[in-house]
Amino acid sequence: MKLRDLLRGGKPKKPRIPPLGAPAARAWTSPSNTLRRLGPSPSILVVKLDHIGDFITALPAVKRLQAAFPTSTVSLLCAPFVADLARSTGLFAAVYSFDFFGARMQEPRFANADDVSELRAMGLPAHDIVIDLRQEDEARALLWGLDAKVRAGFGDPVNPFPLDIALPEMERCMRRKPWPAMTHSSTRLVLLVEALVHARDMGVETVRFATASVPVGETQNCVILAPGTRLGIKGWTAEGWLGLASAVVERTNLDIAVIGRGEEAETAAQMAKLLPQGRLRDFVGQVDLADLPALMAPAAAFVGVDTGTTHLAASLGVPTVALFSGFADIRVWAPIGPATVVVHAGAGCAPCGLPSETLCPYQRRCMSVIDPEAVLSAMSGVAAHPELKGLRAAPQPELVFAAS
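All residue numbers refer to positions counted from 1 along the written sequence of the respective chain. Given that this is a predicted model, residues contribute local features only at a pLDDT of at least 70 and side-chain atom pairs are listed and counted only at 80 or more, while totals for whole chains, interfaces and linings are drawn from all residues. Where side-chain values are given, they derive from all heavy atoms of the structure, hydrogens and water being excluded.

A. Region of interest: unusual backbone geometry. Here the residue pair alanine 350 and proline 351 is connected by a cis peptide bond, since its omega of -5 degrees sits within 30 degrees of zero. Topologically, proline 351 is positioned in the loop between strand E13 (340-344) and helix H13 (365-368). Phi angles above zero are rare outside glycine, and asparagine 221 is one such case at about 60 degrees. By the criteria applied, helices consist of DSSP H or I runs no shorter than four residues and strands consist of E runs no shorter than two, each listed in order from the N terminus. Position of asparagine 221 relative to the elements: it lies in the loop between helix H7 (185-201) and strand E8 (222-226). To sort residues, take the accessible area from a 1.4 Å probe on protein chains only and compare it with the maximum for the residue type: under 20% means buried, over 50% means exposed, and anything in between is partly exposed. The class of asparagine 221 is partly exposed, set by a relative accessible area of 41%. Its identity as a non-glycine residue notwithstanding, arginine 364 has a phi of 55 degrees, on the positive side. Following the sequence through the fold, arginine 364 ends up in the loop between E13 and H13.

What follows is the structure in structure tokens.
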């Protein structure tokens, strides 16, 4: 194979921007948070409706699932002609059967509303987690005939069923044009299980870095604000940062610490004029990257946008509020941490991937609709400091309409 065959050429396509919708500030509930709330022993239903060879190929994934959830009850939904074989493995607490593909079906078909209704009519018990180990998506819609809190499977952009945990469906695209490097089907199923397990475990543990030269306690009793970002389209408004800093100082005895590179000096200077003397600690341009963990660790809370410092604060276990724009996919790039909440607008145009704020036809409404009160409310939900834990958004004035 020649080098030019490995490289892609041509200009990137201009992204198509979908409608904005009705954005409003809200906290994002990640699948990881949902999984952790299920506790140590969630009930699990494995869906494997295809044929005998497919079932045998999936057994390593089932064993990995049971090893990762040793106290969980794992059941199976399979084809009728596989049910007795499945029971003989001793791997499943219960085996249910539903005939979708048929023992000798040659031409695949896609599940329809009647199939979903038929499966729902079976009255299977509710499960916390349903994981579909069929790699292609003909039967994926059947998952909506099952009562579950988390659904996992392989996703296909052509038929985008909303899964909570998903890996790309590879089989169909490999058939169109075989890849030089292939992954065995059994390995793909184990990888899907690993994606589910990692989603459950991610953010529980914190990251530790070697002690740096920053004096201990520099940000103790502080809320750190990090307004900077490499891409302006990810940034929050200046009014938002100033309003948040003012609200924290007015409603608590905590100080504000600002970090960033030289570009954030203007924001820090505006805060210095706004806040009472002695309530701002300005670290802009004064702290090296290797020293940031030591500076962040004692803070009462951290607020930043979708950027590296926010990921760092979250990974350290600092109570973190991440303000997430519509630039990137929140399901893929949200910060991970044991005390992290992501505030976003739920804009219909996200993720847009626009490289510049000047290209946004909606004037970055995905960020401007997030106000300081929404950030304060989110902070109160993750912070351990008593003054922040009891903090709530200020009551809004009641609207009074004059009689006509």
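The discussion continues.
B. Structural context of the pattern of salt bridges. Salt-bridge detection follows one rule: a side-chain nitrogen of Lys or Arg within 4 Å of a carboxyl oxygen of Asp or Glu. Counted under the stated rule, the structure contains 16 salt bridges. The shortest N-O distance in the salt bridge between glutamate 194 and arginine 64 comes to 2.4 Å. A residue pair is termed long-range when its members are at least 10 positions apart, and glutamate 194 in helix H7 and arginine 64 in helix H3 (residues 52-68) qualify at 130 residues. Residue class for glutamate 194 comes out partly exposed when judged on its relative accessible area of 28%. A relative accessible area of 28% places arginine 64 in the partly exposed class. Put simply, Lys48, Asp50, Arg134, Glu136 and Glu138 are held in one network by salt bridges that share partners.

C. H7, seen in detail. By this rule, a helix spans an expected 1.5 Å times one less than how many residues it contains. Under the 1.5 Å per step criterion, the end-to-end length of H7 is 25 Å for 17 residues, consistent within 8% with the ideal 24 Å. Taken together, the buried positions of H7 are occupied by Ser186, Arg188, Leu189, Leu192, Val193, Leu196, Val197, Ala199 and Arg200. Phi for glycine 203, located one or two positions after H7, is positive at around 85 degrees.

D. Focus on the packing of helix H8 (residues 238-251) against helix H14 (residues 372-382). Inter-axis angles, ranging from 0 to 180 degrees, are taken between N-to-C directions of lines fitted to C-alpha atoms, where helices are fitted over the stretch in contact. In contact at an axis separation of 9 Å, H8 and H14 are set at 50 degrees when each is read in the N-to-C sense. Looking at the two axes, H8 sits oblique to H14. Viewed along their axes, H8 and H14 form a crossing whose handedness is right-handed. Contacts from Gly240, Gly243, Leu244, Ala247, Val248 and Arg251 of H8 reach H14 at Pro372, Glu373, Val375, Leu376 and Met379. Its residues placed into classes, the contact of H8 with H14 shows seven nonpolar, two polar and two charged. Here the angle decides the label: under 35 degrees means roughly parallel, over 145 means roughly antiparallel, 65 to 115 means roughly perpendicular, and every other value means oblique. Handedness of a helix crossing follows the sense of rotation of the near helix relative to the far helix, less than a right angle counterclockwise being left-handed and clockwise being right-handed. In what follows, residue pairs with any heavy atoms lying within 4.5 Å of each other are defined as contacts. Under the convention adopted here, Pro, Cys and the residues Ala, Val, Leu, Ile, Met, Phe, Trp and Tyr are nonpolar, Asp, Glu, Lys and Arg are charged, and Gly plus all remaining residues are polar.

E. Structural context of the packing of H3 against H7. Two elements in contact, H3 and H7, have axes whose closest approach is 7 Å; the angle formed by their N-to-C orientations is 20 degrees. Taken together, the axes of H3 and H7 are roughly parallel relative to one another. In the packing of H3 onto H7, the handedness of the crossing is right-handed. Contacts between H3 and H7 involve Thr57, Ala58, Pro60, Ala61, Arg64, Leu65 and Ala68 on the former and, on the latter, Ser185, Ser186, Leu189, Val190, Val193, Glu194, Leu196, Val197 and Arg200.

F. Inspection of the side chain of serine 315 at higher detail. As for its placement among the helices and strands, serine 315 is situated in helix H11 (residues 308-316). Other than its neighbours up to four places away in sequence, serine 315 contacts Glu205, Thr206, Val207 and Ile336.

G. View of the side chain of serine 186. Positionally, serine 186 belongs in helix H7. Ignoring any residue separated from it by four or fewer positions in sequence, one finds serine 186 in contact with Thr57 and Pro60.

H. View of the layout of surface pockets. Here a cavity is any set of points on a 1 Å grid over the protein atoms alone where a 1.4 Å probe fits but cannot get out, and a pocket is any open set with protein on both sides within 12 Å along at least 5 of 7 lines; a residue lines the site when it has an atom within 4 Å of a point. Grid points are joined across faces, edges and corners, and a volume is the space filled by probe spheres set on the points. Reported here for the second largest pocket is a volume of approximately 330 Å³. Around the second largest pocket sit 16 residues that line it, and Gly260, Arg261, Glu264, Leu292 and Thr309 are the ones nearest its centre. For the lining of the second largest pocket, the per-class residue count stands at six nonpolar, six polar and four charged.

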